[in-house]
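Observations on the three-dimensional arrangement
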Amino acid sequence: MRTAWHAWLEQWLDRFLGRGSAAITVPVMDGVLKPNRALDAAEVMAQLPGIDDLASDGRTLWLSAANVLYRWSQGAAQEALRFDAEITALAAGAQGGMAVALAGQRIVLMRPDEEQVFQERASLRAIYGQALQGVNALAFDAQGRLLITDGSARHAPTAWCHDLMELGHSGRVMRWDVKSGKVELLASGLRYAYGVLPRASAVVFSESWAHRLLVPGRDRALLSDLPAYPSRMAPAAGGGFWLCCFVCRTQLVEFVLREPAYRQRMLREVDPRYWIAPALASGHSFLEPLQGAGVKQMGVLKPWAPPRAYGLVLRVAEDGRVLSSLHSQVDGLHHGITAVQEHDGGLWVVSKGSARLLRIPLPDREDGA
Amino acid sequence: MSLPEPTAQPVLELRQATKLYNGVPAIENVDFCLQPGEIHALLGENGAGKSTLTKVMAGVVGLSSGQMLVQGRELALRTPLEALQHGIAMVFQETSLVPSMTVAQNLYLGRERFYNRLRGVYIASQQFLQSLNFDVDPTATVAMLGAAKKQMVEIARAVLHEARIIIFDEPTASLTPEEKKYFFDLVFKLQARGVSIIFISHALEEALLLADRITVLRDGRHVLTDLKTKLDRARIVQAMVGRDLSQTLYGQKKTVVRPPGECLLSVRNLRMAAMVKNNSLSAFAGQVTGVFGLVGSGRTETFKVVAGLIKRDLFHGGEVLLRGKPVRYRVAGQAVHDGIAYITEDRKLEGFFETMSIAQNIYMGLLAKLGRPLGLLSARTARAVGEHWSQLLTVRAISRDALVIELSGGNQQKVVIAKSLVQEPELIIFDEPTRGVDVGAIAEIHAEINRLADAGRAVVVISSYLPEVMALSDRILVAKQGRVVVEFAPLDATQEGILYAAIH
């Protein structure tokens, strides 16, 4: 008969031998996740320092970069609004309403007046007495309610790596009914909530450090065991949705995440730019840590080398199956994908790592494959 | 069919050679002649009579009727030693060296003097091996040598015995591409020394590259002998099988790729000694996953770990997930119970029980799955299961009670496949499924692989033969130095691209 002592012994053995629950392994990127160069081959539409998020109301494509809100018009990003803080999330409603998160700490709802000038209608700074700290994704549902992910109670969205290295688990998902002023907490205690999407019957959100997509109230994850850290999502015209994975998992990082003493010392003593941690972009400094593999051979960076930065977008079916994927491999440029949006017959992608707005033409008839 | 006009007196000639086994002809009225200093390739399907013909030449078996002439003199060789005394040596596919003895001891085996000084034997062997430009340590134990080095020792032994005719039985089957190149150089060197060479091979390209003349046998009869310059691949294959198979096998590029089903197998960061280094891959239901790589790329070892035949590293050995659940098999039987079948690349050593019949071998596979106590063995069931699978996979044998060892290579392979398929596995791993198998059987084995994938099974095909990987696979994984380095879609894959990934 299996006893508690037996379970403890097994767990201890697993930790000692590095197997079972203590195995430091990363899921395989093959099959539908087979690396390709689709993101690197994408058309570069704009280069905007600090570009981060996208939103579409069906007519206009909006984008945020640093503290500026842009409207995509006449083949270029036109400045629409400038804020006093960095925009960390963006959502556009079907009725012309806009929501922006500023510095991750304040959500502002806006509506255009008769002269098409945005006017602030409402704002939110705290929920249940707890201040917003890391708002990183927003989305309007069919009823016009705003879905919010607050990644961390300790760190701003720009400091996501700190939250990862501290094994943060203070993420929240909320629903704000602006008409009634009621805010509903859908999930809390999450290992970095980053990205939310309303579906017909439920809400899907990303729990990044747990590498999965969840639906509130369901025990089983919609999609789990991803080889990357999932983030924002956007609906796909052919059914299902697009999912950004802003950084990839590697064995070295997984190992560091299991070593508290090493990690704490690294956090204390090493410049965050050179942590053994994933990054939105890499290769800019020789001080960056290598990832413990033959990353270079004959001076050429191997595409299969463990990535510090990577570009990955997944096409996910409604039932959670991954249908296809778009990649920018380790030797590519378009890394750190933070937003994706279908608009005007194309898939628009934000590569925050390269500060570029990309566009990939979509086939006329989307078959979901 | 007439032979080309000989230019000199043949060193070896067979006239109307016939060999009967229990009244059944293995070769029948075969004419064959070997010119001095000639490289002569002997081709044919398994069971065509190549091995019998060469065994007759090497004195392993005698002729039932017909004549054998060496240097124009009629001979009836009764033993290999007698053949060796007449300058005929045979290098077998499975080397006939004694594994526990050193290279030097093997070289001088059978030529010992009354008093032997080991040091003297080593010195003589070293000098002799150097004279042949063979880089082999005479003091090394044969068991520790790689396939290529063993082959060198076999050849050296033949030359040491002053053989003027050397017969090679599938010499390149277990060699890496680099070793093959070395072997080809060696054959040309022997030719330059005036040695006549007969070699059996299933690789037609090798025959076309190496041989001066090619002889094709089919069903124990001589079909064709011609200069290689007058032959091409299609004509040889047609002569071998009596129909044009080259297009069926490898000629057509894969146009339809099966979509992936459930991820049945996921290998994550697997490590096994120096052979498998952080290897990760998946296999999906309803697809053929082809795994290509050079010898030593860790393909076989990875899948042997999956099938519980060998164990991964104890510390941080990675994970194997079957249907998303981690598994760790102590013995292969557990993997069989979980629906994993591994069909070995070395069928003679690991694939079948050579003293058992076809039905008994297939029934052994079923028993592994059922785990029935020995007391409940049923000869009737064994026979019925054997009959069923023999028919399904068209195993051809002289009698249904024939021992597996008596079958041709292709039919042996079919028995090994049947032995695994009888377990109704969900994941089937074919390791070099057509090595040492004739072209007719290759087509049948390929059809079976495709049928399994169409039936929704996850099939993995490990192969060193690129056209085979490209013809069968829905996904092509390329392994290099212990890990999968790249995946190709079959529609985009090119031989050059795959080879480049496997080497660079």
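Check the entry above for the structure.
Each value, and the rule that gives it
- Residues numbered from 1 in each chain as written.
- Chains lettered and ligands numbered in written order.
- Predicted model: local features only at pLDDT ≥ 70, side-chain atom pairs only at ≥ 80, totals over all residues.
- Helix = DSSP H or I, 4+ residues; strand = E, 2+ residues; numbered from the N terminus.
- Rg over C-alpha atoms; globule rule 2.2 N^0.38 Å.
- Buried ≥ 20, exposed ≤ 12 C-beta atoms within 10 Å, placed from the backbone.
- Contact = placed C-beta atoms within 7 Å.
- Pairing = 2+ DSSP bridges.
- Axes fitted to C-alpha atoms, helices over the stretch in contact; angles between N-to-C directions.
- Left-handed = near helix turned anticlockwise from the far one by under 90°.
- Nonpolar A, V, L, I, M, F, W, Y, C, P; charged D, E, K, R; others polar.

1. Thoughts on the overall build of chain A
- Helices and strands together make up the secondary structure of chain A, namely 4 helices and 27 strands.
- Taken over the C-alpha trace, chain A has a radius of gyration of 21 Å; the compact-globule value for 369 residues is 21 Å, and the two agree within 12%.
- Principal-axis analysis of the C-alpha atoms gives chain A an extent of 70 × 50 × 45 Å.
- Across the 369 residues in chain A, those meeting the buried criterion constitute 44%.
- For chain A, long-range pairs separated by at least 24 residues make up 50% of all intrachain contacts whose partners lie at least 6 apart in sequence.

2. Some thoughts on the overall build of chain B
- Within chain B one finds 18 helices and 20 strands.
- Looking at the 504 residues of chain B, the share that counts as buried comes to 49%.
- Looking at chain B alone, contacts between residues at least 24 apart form 70% of all its contacts between residues at least 6 apart.

3. A few points about the sheet that holds strand 17 (residues 203–207) of chain A
Residues and elements named next belong to chain A.
- Taken in spatial order, the 3 strands line up as 16-17-18 in an open sheet, and their pairing is antiparallel. Strands at the two margins of the open sheet, each flanked by one partner only, are strand 16 (193–198) and strand 18 (212–214). This sheet shows a mean twist of 25 degrees between the axes of neighbouring strands, independent of strand direction.
- Taken together, the 3 bridges between strand 17 and strand 18 define a ladder with antiparallel strand orientation. Residue pairing in the sheet places Phe205 in a bridge with Leu214 of strand 18.

4. Concerning the packing of helix 13 (residues 358–370) of chain B against helix 15 (residues 409–421) of chain B
Residues and elements named next belong to chain B.
- At a closest axis distance of 7 Å, the pairing of helix 13 and helix 15 adopts a crossing angle of 35 degrees. Between helix 13 and helix 15 lies a crossing of right-handed hand. Residues Ile358, Asn361, Ile362, Met364 and Gly365 of helix 13 lie in contact with helix 15, whose contacting residues are Val415, Ala418, Lys419 and Ser420.

5. Topic: unusual backbone geometry
- Residues other than glycine seldom take positive phi values, yet Leu167 of chain A does so here, at roughly 55 degrees.
- Tracing the backbone shows Leu167 of chain A in the loop between helix 2 (160–165) and strand 14 (171–177).
- Despite not being glycine, Thr394 of chain B has its phi angle at roughly 45 degrees, a positive value.
- Within the secondary structure layout, Thr394 of chain B lies in the loop between helix 14 (379–392) and helix 15.
- By C-beta crowding, Thr394 of chain B is classed as partly exposed, having 14 other C-beta atoms within 10 Å.

6. Digging into the pairing of strand 27 (residues 356–361) of chain A
All names here are of chain A.
- Both strand 1 (residues 43–47) and strand 27 contribute to a ladder of 4 bridges, which runs antiparallel. Residue pairing across strands places Glu43 opposite Arg359, the latter belonging to strand 27.
- Hairpin connection, strand 26 (residues 346–351) to strand 27: the antiparallel pair is bridged by 4 residues, and Ala355 has positive phi, about 55 degrees.

7. Things to note about the sheet that holds strand 19 (residues 475–480) of chain B
Residue and element names in this part refer to chain B.
- Strand order across the open sheet formed by 6 strands is 16-17-18-13-19-20, with mixed pairing between neighbours. The open sheet has two free edges, formed respectively by strand 16 (340–343) and strand 20 (483–488), since each of these has just one partner strand. Strand-to-strand twist of the sheet, defined as the mean angle between neighbouring strand axes without regard to direction, takes the value 20 degrees.
- Where strand 19 meets strand 20, 5 bridges bridge the pair, whose relative direction is antiparallel. By the bridge assignment, Ile476 is partnered in strand 20 with Phe488.

8. Focus on the interface of chain B and chain A
- Counting from both sides, the interface comprises 19 residues of chain B and, opposite them, 16 residues of chain A.
- When contributions to the side of chain B that touches chain A are tallied by element, the ones reaching two or more residues are strand 11 (263–272), strand 12 (276–284) and strand 20 of chain B.
- The residue inventory of the side of chain B that touches chain A, partitioned by class, reads 9 nonpolar, 7 polar and 3 charged.

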